[in-house]
Amino acid sequence: MSAAAKPAAAASQASGSGDAVPVHVGIIMDGNGRWAAARGLPRALGHKAGAEAARRAIEAAAEAGIGWLTLFAFSSENWRRPADEVRDLTGLMRLYLRSEVKTLVKEGIRLRIIGERERFGPDLVRAIDAAEAMTAEGRRLNLNVALSYGGRAEIVAAARAAMQRALEGGLDPAALDEAAFGRMLSTQGMPDPDLIIRTSGEQRLSNFLLWQSAYSEFVFQDVLWPDYEARHLAEAIGEFARRERRYGVRVA
């Protein structure tokens, strides 16, 4: 459901029943570097521990009945980090794609990558394409991983696409609405996130799903990402269930 469609259905959807499970959860996985520093370890080991936490979160989301999970793994701003850290991160991605795809297929999990995948080079792009194709029949959980992703860049790219279609005569600018614009984003066909979680105690979006999060609930958890367990996800879902979601509509 697009952000534009939500207010119309708000009166019937607003709830605080205590048993609601979000359809789509986004997680800003933060704290790998601080986790490593606190233990006197190199940042690369923090990222490796973070990958293990991601595996636990995916399993917990599937068990909880969440239909869509989007993990913010590598932002467009992360390219400005030291070259050795970027190399470690991309190497970890390559290893994960090679080692985990069979498990994803077995567990019925569909993998999709959002972001500027081309920036990772042809070898990793081929690995991403192959992983998406192998997991395409998964129905238990839709797993989106944001790589080289930035919300502002995504919106600008969609705006360029809309302008190009208008120049070519395929789009009347007056007919462009939120739903049509949403179909030009990298998340086309996906529901907007109901719940966005950020770990490590920080309380900001950091350019994550800016358009899609217009009506999301936010939960900030004071736990470094490598320490994230199924119970932390359950706590966030419990907090979400206690929220009353009105989408800007006053409920009598």
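Being a predicted model, the structure only gives us computed values, none of them experimental.

S.K.: Explain the overall build of the protein to me, using residue names and the numbers behind them.
M.R.: Across its full length, the protein holds 8 helices and 6 strands. Whereas a compact globule of 252 residues would reach a radius of gyration of roughly 18 Å, the protein reaches 19 Å, a difference of no more than 12%. Summarising its shape, the C-alpha atoms of the protein cover approximately 55 × 50 × 35 Å along the three principal directions. Counting over 252 residues, the protein shows a buried share of 47%. Only carbon and sulfur atoms are counted for the fraction: they give 52% of the accessible area of the protein, which is about 12,700 Å².

S.K.: Can you break down the environment of arginine 165 residue by residue, with the values?
M.R.: For arginine 165, the location among the structural elements is in helix α6 (residues 151-167). What makes arginine 165 partly exposed here is its relative accessible area of 40%. Setting aside residues no more than four positions away along its own chain, arginine 165 makes contact with Gly170, Leu171 and Met184.

S.K.: Please set out the packing of helix α4 (residues 83-106) against helix α5 (residues 122-134) residue by residue, giving values where relevant.
M.R.: Put simply, α4 and α5 touch, their axes get as near as 10 Å, and they point 15° apart. Viewed along their axes, α4 and α5 adopt a mutual orientation that is roughly parallel. α4 and α5 meet at a crossing whose hand is left-handed. Seen from α4, the contacting residues are Thr90, Arg94, Leu97, Val101 and Val105; seen from α5, they are Leu124, Ala127, Ile128, Ala131 and Met134.

S.K.: How would you summarise the pattern of salt bridges if you had to cite specific residues and measurements?
M.R.: Under the counting rule described, the total for this entry stands at 23 salt bridges. Residue glutamate 52 is joined to arginine 55 by a salt bridge in which the shortest nitrogen-to-oxygen separation is 2.5 Å. Of this pair, glutamate 52 and arginine 55 both sit in helix α3 (residues 43-64), 3 residues apart, which is roughly one turn of the helix. We note a salt bridge from arginine 139 to glutamate 137, for which the minimum N-O separation is 3.8 Å. Its relative accessible area of 63% is what places glutamate 137 among the exposed residues. A single salt-bridge network, built from bridges that share partners, covers Asp194, Glu217, Glu239, Arg242, Arg243 and Arg245.

S.K.: Help me get a handle on the nonpolar core, residues and values and all.
M.R.: Ranked by size, the top nonpolar core spans 42 residues in total, and within it Leu69 and Leu143 carry the most contacts. Excluding its chain neighbours within four sequence positions, the residues that come into contact with leucine 69 are His24, Val25, Ile27, Ala57, Ile58, Ala61, Leu141, Asn142, Leu143 and Asn144. The next biggest cluster of nonpolar side chains, apart from the first, holds 10 residues, and it includes Phe72, Ala146, Met190 and Leu209.

S.K.: Run through the confidence of the model for the protein, naming residues and quoting values.
M.R.: On average, the protein scores 90 in pLDDT, and the residues at 70 or more come to 91%. Note on residues 1-18: pLDDT under 50 across the span, and 35 contacts to partners over four residues away in sequence or across chains.

S.K.: How would you sum up the packing of aromatic side chains? Please name residues and give values.
M.R.: In this structure the tally under the stated criterion is 9 aromatic pairs. Taken together, a centroid distance of 5.5 Å and an interplanar angle of 65° make the contact between phenylalanine 74 and phenylalanine 120 edge-to-face. Of the two residues, phenylalanine 74 sits in strand β2 (residues 68-75) while phenylalanine 120 sits in the loop between β3 (109-114) and α5, which places them 46 residues apart along the sequence. Here phenylalanine 74 falls in the buried class, since its relative accessible area comes to 0%. Given a relative accessible area of 10%, phenylalanine 120 falls into the buried group. Within the aromatic cluster, the residues linked to one another by ring pairs are Phe72, Tyr149 and Phe208.

S.K.: Explain α6 to me, and be specific about the residues and the numbers.
M.R.: Taking 1.5 Å per residue as the helical rise, α6 with its 17 residues ought to reach 24 Å, and the 24 Å between its terminal C-alpha atoms agrees with that figure. Elements that come into contact with the buried residues of α6 comprise β4 (141-149) and α7 (178-182). Residue glycine 169 follows α6 closely and has a positive phi angle near 85°.

S.K.: Describe unusual backbone geometry, and please don't skip the residues or the numbers.
M.R.: Glycine aside, residues mostly have negative phi, and peptide bonds are mostly found in the trans state. Of note in the backbone geometry, serine 200 takes a positive phi value of approximately 80° without being a glycine. Serine 200 sits in the buried class, given a relative accessible area of 8%. Phi is positive for leucine 209, close to 50°, though the residue is something other than glycine.

S.K.: How would you summarise the environment of glycine 67 if you had to cite specific residues and measurements?
M.R.: Here glycine 67 is to be found in the loop between α3 and β2. For glycine 67, a relative accessible area of 22% gives the class partly exposed. Considered as a pair, glycine 67 and isoleucine 109 are 42 residues apart in the sequence and their alpha carbons are 9.8 Å apart.

Calculation notes
- Residues numbered from 1 in each chain as written.
- Predicted model: local features only at pLDDT ≥ 70, side-chain atom pairs only at ≥ 80, totals over all residues.
- Heavy atoms only, no water.
- Helix = DSSP H or I, 4+ residues; strand = E, 2+ residues; numbered from the N terminus.
- Rg over C-alpha atoms; globule rule 2.2 N^0.38 Å.
- Buried < 20%, exposed > 50% of the residue type's maximum accessible area, 1.4 Å probe, protein only.
- Areas by Shrake-Rupley, 256 points an atom, 1.4 Å probe, with all protein chains shown as cover.
- Contact = heavy atoms within 4.5 Å.
- Axes fitted to C-alpha atoms, helices over the stretch in contact; angles between N-to-C directions.
- Parallel < 35°, antiparallel > 145°, perpendicular 65-115°, else oblique.
- Left-handed = near helix turned anticlockwise from the far one by under 90°.
- Salt bridge = Lys/Arg side-chain N within 4 Å of Asp/Glu carboxyl O.
- Core = buried A, V, L, I, M, F, W, Y, C linked by side-chain atoms within 4.5 Å.
- pLDDT = per-residue confidence, 0-100.
- Phe/Tyr/Trp six-rings, centres within 6.5 Å; stacked < 30°, edge-to-face > 60°.
- Expected span 1.5 Å × (residues − 1).

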